[in-house]
Amino acid sequence: MSSRKLFVTSLLALALVVSACAPAAAPTPEKVTVKETVVVPGTPQVKEVVKEVVKEVTPTAKAMDAPGSVKLNASGATFPQPLYEDWAFAFNQRDPSVVINYAGGGSGQGI
C-alpha cells in the first residue's frame, strides 16, 4: 500500500473515531405548563392546579428529519383510544420513520 493511501485511510479512521466519541447533545431546560387535579384537604372537593415546571429536554432526531418518513394524525372515538395508542407505539418501535398520533375526541367529533 502506498504511503498516500495509508495516510488517507488513517485519516478516515481517525475521523470516524473522533465523531463516534463526540459528546452527546446537552439537555436544555424547557418550561412546561402542567395541569393537575388535586383533592382539597379536609373536603371531598377537587380543584385544578396549574403549575409551570422546568424539565430537561435532550434534543433527538425527529421522524420528520428522515427522508421518506410519515406522520399520520387521526381522531375519533375515545373507547378504542388506548388500543390504538398501543398499536401506534408498537408500530413506531418496528418502523421509527412512521409516527402515528391518535386523539380521542368522542364519537360526535367532527359533526
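Residues numbered from 1 in each chain as written. Predicted model: local features only at pLDDT ≥ 70, side-chain atom pairs only at ≥ 80, totals over all residues. Heavy atoms only, no water.

Visitor: Lay out the overall build of the protein with the relevant residues and their values.
Guide: Per the secondary structure count, the protein includes two helices and four strands. Tracing the protein from N to C terminus, the helices and strands come up as α-β-β-β-α-β. Within the protein, the fraction of its 111 residues that count as buried is 8%. For the protein, the accessible surface area stands at approximately 9,400 Å², while carbon and sulfur atoms represent 62% of it. (Helix = DSSP H or I, 4+ residues; strand = E, 2+ residues; numbered from the N terminus. Buried < 20%, exposed > 50% of the residue type's maximum accessible area, 1.4 Å probe, protein only. Areas by Shrake-Rupley, 256 points an atom, 1.4 Å probe, with all protein chains shown as cover.)

Visitor: So what about the pairing of strand S3 (residues 70–76)? Which residues, and what values?
Guide: Consecutive side chains of a regular strand alternate in pointing toward one face of the sheet and then the other. Here S3 pairs with strand S4 (residues 98–104) via seven bridges, running parallel. When the sheet's bridge partners are listed, Val-70 is paired in S4 with Val-98. Chirality of the crossover, the property in question, places the unit of S3, helix H2 (residues 81–94) and S4 among those that are right-handed. (Pairing = 2+ DSSP bridges. Right-handed = clockwise from strand over helix to strand, strands pointing away.)

Visitor: Mind laying out the confidence of the model for the protein, listing which residues take part and the relevant values?
Guide: The share of residues in the protein with pLDDT of 70 or more is 69%, and the mean pLDDT across the chain is 76. Summarising per-element confidence for the protein, the mean pLDDT is lowest in helix H1 (residues 3–20) (67) and highest in H2 (89). (pLDDT = per-residue confidence, 0-100.)

Visitor: Can you lay out the environment of Ala-88 for me, pointing to particular residues and giving the numbers?
Guide: Looking at the element boundaries, Ala-88 is found in helix H2. Residue classification places Ala-88 among the buried residues on the basis of a relative accessible area of 12%.

Visitor: Go over a nonpolar patch on the surface with me, naming the residues and quoting the values.
Guide: Residues Leu-83, Tyr-84 and Trp-87 make up a contiguous nonpolar surface patch of roughly 310 Å² in combined accessible area. Relative to the helices and strands, Trp-87 is located in helix H2. According to the relative accessible area criterion, Trp-87 is exposed, its value standing at 52%. (Patch = residues over 30% accessible without salt bridge, like charges linked within 9 Å, V, L, I, M, F, W, Y side chains within 5 Å. Salt bridge = Lys/Arg side-chain N within 4 Å of Asp/Glu carboxyl O.)

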